[in-house]
Amino acid sequence: MSGATPSTKPSTYELSAADRARTFIVIAAFNEARAIGQVVRELREAAFPNVVVVDDGSRDDTADQARAAGAVVLTHLINRGQGAALQTGLSYALRAGADYLATFDADGQHDVADLPAMLGPIMHGEVEICLGSRFLGVRAKMPKLRRAVLFGAVLFTRITSRIKLTDAHNGLRALSRRAALGIDLQLDRMAHASEIVDQIASCGLSYREVPVHIRYTAYSLAKGQKSSAALRVAFDYLIGRVFR
Amino acid sequence: MSLFQWLGLSVLAVLAVLTVSAGVRGQVRKRIVTFWLLVWGGGAVLLVWPSSAAIAAHKLGIGRGADLLLYSSVLVMFSGFFYVYTRFRRLDRQITMLVRRLAIENAARPAAGSSHDG
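Conventions and cut-offs
Residues numbered from 1 in each chain as written. Chains lettered and ligands numbered in written order. Predicted model: local features only at pLDDT ≥ 70, side-chain atom pairs only at ≥ 80, totals over all residues. Heavy atoms only, no water. Helix = DSSP H or I, 4+ residues; strand = E, 2+ residues; numbered from the N terminus. Rg over C-alpha atoms; globule rule 2.2 N^0.38 Å. Buried < 20%, exposed > 50% of the residue type's maximum accessible area, 1.4 Å probe, protein only. Salt bridge = Lys/Arg side-chain N within 4 Å of Asp/Glu carboxyl O. Expected span 1.5 Å × (residues − 1). Arc of directions from axis to C-beta. Contact = heavy atoms within 4.5 Å. pLDDT = per-residue confidence, 0-100. 1 Å grid on protein atoms, 1.4 Å probe; cavity = no way out; pocket = protein on both sides within 12 Å on 5 of 7 lines; lining within 4 Å. Points joined across faces, edges and corners; volume = space filled by probe spheres on them. Nonpolar A, V, L, I, M, F, W, Y, C, P; charged D, E, K, R; others polar. Patch = residues over 30% accessible without salt bridge, like charges linked within 9 Å, V, L, I, M, F, W, Y side chains within 5 Å. Areas by Shrake-Rupley, 256 points an atom, 1.4 Å probe, with all protein chains shown as cover. Pairing = 2+ DSSP bridges. Axes fitted to C-alpha atoms, helices over the stretch in contact; angles between N-to-C directions. Polar contact = N/O pair within 3.5 Å; in protein donor to acceptor, adjacent residues only side chain to side chain.

Scanning chain A for helices and strands turns up 10 helices and 7 strands. On C-alpha atoms alone, chain A measures out to a radius of gyration of 16 Å, which is about the 18 Å that the 2.2 N^0.38 rule sets for 244 residues. Along the three orthogonal principal directions, the C-alpha set of chain A runs to about 45 × 40 × 35 Å. Burial analysis of chain A (244 residues in total) assigns 59% to the buried set.

Structure below.
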């Protein structure tokens, strides 16, 4: 198993247009019509031509907004959960020939400006996976309860996967093609975040945490997971470990 | 025999006939048919010869026949839950795979005129 390499140095990676063209950004979206258009546009304006939005059975016009903003839209006819939607997007991107992949949240909490620092180490062959961390480097303003729950999640992941992370449940991740081929998310709902970490460990993929900036807007907080959902996530995850 | 025994036996007989006919028509697998016939048969034995439960319970070291019935029904119920739960999980996975396949095969390209770049 490869260990994590520290990422204290600042992000100095530049991505060429060709690098960006070989990258697929995967977004799982459920009833995100208000935010998804802006998120896709920002990615497109940052010259990422391949944005894949998986509309996870939304009841609003998430799919139309994403498509109008320039994304390829995959539609889950029935809501299957974020883990399932991400896996759909990753599978599609791999089929479409992606060399580099990134997962991005639909609610606008991630910063497009963090992508070069996430993808650069992979493009330079330094690691196979970069995981965004909101606790490395810059401190994001965050409600106290949210901070406590996320810390609990980090401890949980350390115990279950024996991988040391500072932020176990950050939706911003970057993967090489090889890493994405090794990942197979079976947990359809939110426990996929721990599942990915497990699979990083079991596939022996090299990884690195990269400090990212999270925008806690009123919208993303209202739309995001309630802190009380953590128990459900833990249960899903543990059951998933039993019934492999 | 009492009225209760006659009623119970006829219900069990109907259930057995239904089970066998479902098996013959291929709706239920042979192993499942055998399982249910054993359950109905066991019920019939208990109805006609109630003290058999007490004898079996005694042999197993459980005091009373009623206790044996209670324990075994709890056991059967939990294995039933477990069976249904694993079935449910499998079904869940299958639905996800189906939904995924449909999503990938019907991928919608971006709307015309929305591209900013080449």
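Summed over the entire model, instances satisfying the criterion amount to 11 salt bridges over all chains. Measuring nitrogen to oxygen at the nearest pair gives 3.8 Å for the salt bridge that ties Asp188 of chain A to Arg80 of chain A. Of this pair, Asp188 of chain A sits in the loop between α7 (177-182) and α8 (192-203) while Arg80 of chain A sits in the loop between β3 (72-76) and α4 (82-95); the two residues are 108 residues apart in sequence, bridging distant segments of the chain. Accessibility assignment for this pair places Asp188 of chain A and Arg80 of chain A in one class, buried. Each of Arg80 and Asp188 of chain A together with Asp92 and Arg93 of chain B takes part in a single network of salt bridges with overlapping partners.

All names here are of chain A. In this model helix α6 (residues 144-161) runs 26 Å from its N-terminal to its C-terminal C-alpha over 18 residues, within 8% of the 26 Å that 1.5 Å per residue would give. Turning to α6, its buried residues are Arg146, Leu150, Ala153, Val154, Thr157, Thr160 and Ser161. Angular distribution of buried residues about the axis of α6 spans 140°; they occupy a single face of the element. Residues of α6 that are exposed and point more than 90 degrees away from the buried face comprise Lys144, Leu145, Phe151 and Ile159. Next to the buried residues of α6 lie α8 and α10 (230-242).

All right, on to the confidence of the model for chain B then. Residue and element names in this part refer to chain B. Counting all residues, the mean pLDDT for chain B is 88, and 93% of those residues have values of 70 or more. Mean pLDDT across the elements of chain B ranges from a minimum in helix α3 (residues 51-60), with 87, to a maximum in helix α1 (residues 3-24), with 94. Predicted complex metrics record ipTM = 0.83 and pTM = 0.79.

It is worth spelling out unusual backbone geometry at this point. Residues and elements named next belong to chain A. Phi at Asn31 is positive, roughly 50°, even though this residue is not glycine. Position of Asn31 among the secondary structure elements: in the loop between β1 (23-29) and α2 (33-45). By relative accessible area, which is 19% here, Asn31 ends up buried. A positive phi angle, near 65°, is found at Ala47, a position not held by glycine. With respect to the helices and strands, the residue Ala47 is situated in the loop between α2 and β2 (50-56). Of the residues examined, Ala47 reaches a relative accessible area of 35% and is grouped as partly exposed.

A word on empty space enclosed by the protein. All names here are of chain A. All told, the structure shown has 2 cavities of 30 Å³ or more when counted by the stated rule. Volume-wise, the largest cavity comes out at about 40 Å³. Only β5 (129-133) and α8 provide two or more residues apiece to the lining of the largest cavity. Looking at the lining of the largest cavity residue by residue, the class counts come to 5 nonpolar, 2 polar and 2 charged. Here the second largest cavity is characterised by a volume of approximately 30 Å³. Along its surface, the second largest cavity is lined by Leu90, Thr103, Arg173, Leu175, Ile183 and Ile196. Taken together, the residues of the lining of the second largest cavity sort by class into 4 nonpolar, 1 polar and 1 charged.

The subject of this paragraph is a nonpolar patch on the surface. Residue and element names in this part refer to chain B. Among the surface-exposed residues, Met1, Trp6, Val45, Val48, Trp49 and Ile55 lie close enough to one another that they form a single nonpolar patch of about 640 Å² accessible area. The residue Val45 is located in helix α2 (residues 30-48) in this model. Overall, the relative accessible area of 43% leaves Val45 in the partly exposed class.

Time to look at the sheet that holds β1 of chain A. Residues and elements named next belong to chain A. Spatially, the 7 strands line up as an open sheet ordered β3-β2-β1-β4-β6-β5-β7, and their pairing is mixed. Each having just a single partner strand, β3 and β7 (207-211) make up the two edges of the open sheet. Strand-to-strand twist across the sheet, computed as the mean angle between neighbouring axes with direction ignored, equals 20°. Packed onto the sheet, α8 meets β5, β6 (173-176) and β7 and runs at close to 35° relative to β6.

Residues and elements named next belong to chain A. Counting through the fold element by element, Glu195 comes out in helix α8. A C-alpha to C-alpha distance of 24 Å links Glu195 and Leu77, two positions 118 residues apart in sequence. Those residues in contact with Glu195 that sit more than four places away from it in its chain are Asp184, Leu185, Gln186, Leu187 and Tyr237.

This part is about the side chain of His192 of chain A. All names here are of chain A. Assignment of secondary structure puts His192 in helix α8. According to the relative accessible area criterion, His192 is buried, its value standing at 2%. For His192, the side chain forms a polar contact with the side chain of Gln82, separated by 3.0 Å. Apart from residues no more than four positions distant in its own chain, His192 is found in contact with Gln82, Gly83, Leu86, Arg173, Leu185 and Leu187.

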